[in-house]
Amino acid sequence: MQPLNLPPYAASLKEEKGKQYIFDPIRKKWVVLTPEEWVRQHFLNFMRQLGYPEGLTAVERLVVVNGLRQRSDVLLYNRQGKPALIVECKAPHIPLNQATLSQAARYNIPLKVGWLVLTNGLQHYCLRLNAEGRHEIMKEMPDFETINATPVG
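This text gives an overview of the structure that appears in the document. Predicted model, so just to flag it, every value in this text is computed and none were measured.

Quick notes on the pattern of salt bridges
(1) Moving on: For the coordinates displayed, the defined rule picks out ten salt bridges.
(2) Moving on: In this structure, Asp24 and Arg27 form a salt bridge, with 2.5 Å as the shortest nitrogen-oxygen distance.
(3) Moving on: Here Arg27 falls in the partly exposed class, since its relative accessible area comes to 24%.
(4) Moving on: As a salt-bridge pair, Arg40 and Glu37 come within 2.5 Å of each other at their nearest N and O atoms. Placement of the pair is Arg40 and Glu37 together in helix α1 (residues 35–49), with a separation of three residues, close to one helical turn. The pair Arg40 / Glu37 is uniform in exposure class, with both members buried.
(5) Moving on: Several salt bridges converge on common partners, so that one network encompasses Asp24, Arg27, Glu37, Arg40, Glu60 and Asp73.

As for α1
(1) Moving on: Taking 1.5 Å as the rise per residue, α1 with 15 residues should run 21 Å; its terminal C-alpha atoms sit 21 Å apart, in good agreement.
(2) Moving on: Within α1, eleven of the 15 residues are buried, which leaves the element mostly enclosed by the surrounding structure.
(3) Moving on: Those residues of α1 lying buried are Glu37, Trp38, Val39, Arg40, Gln41, His42, Phe43, Leu44, Asn45, Phe46 and Met47.
(4) Moving on: Backbone geometry just after α1 places Gly51 at a positive phi near 90°.

Quick notes on the environment of Asp24
(1) Moving on: For Asp24, the position within the fold is in strand β2 (residues 19–24).
(2) Moving on: Sequence separation between Asp24 and Ala11 is 13 residues; the distance between their C-alpha atoms is 8.8 Å.
(3) Moving on: Once you skip the residues sitting within four places of it in the chain, Asp24 turns out to touch Lys29, Val31, Glu37, Gln41, Leu44 and Val59.
(4) Moving on: There is a polar contact of 2.8 Å between the side chain of Asp24 and the backbone nitrogen of Ile26.

Rules used in this analysis
- Residues numbered from 1 in each chain as written.
- Predicted model: local features only at pLDDT ≥ 70, side-chain atom pairs only at ≥ 80, totals over all residues.
- Heavy atoms only, no water.
- Salt bridge = Lys/Arg side-chain N within 4 Å of Asp/Glu carboxyl O.
- Buried < 20%, exposed > 50% of the residue type's maximum accessible area, 1.4 Å probe, protein only.
- Helix = DSSP H or I, 4+ residues; strand = E, 2+ residues; numbered from the N terminus.
- Expected span 1.5 Å × (residues − 1).
- Contact = heavy atoms within 4.5 Å.
- Polar contact = N/O pair within 3.5 Å; in protein donor to acceptor, adjacent residues only side chain to side chain.

Here it is, written out as structure tokens:
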């Protein structure tokens, strides 16, 4: 798999019946290794390094938007159990653009989080929803305490 613009990660990998798998410590299971999954697991490792609690992190969480069942890549909850941050992961060859932001924003319709992150493993954008309802691009990923302290809803 392609090197990413994220901290090194000693991923647990295996091959079975000609398919590559990576272990997801959040879901506690082996999943098929795709370019997007490679990005997701590296970004989850980055979140752990920033002190984001694994116990408040969900992967592939069901989100119903306008009656359609979809799954958010990563969803972080605050200490009150409310969704606080959505991470939308793309494969490295997929550009981060308005369509990527729109996808994460759609997930946010029912979730009402204060933070969105877009990553393809090479580029990363962290956006905070400000008081006017606009997304501001942040210069760096906030720590968990900042996200936990941000009002949601």
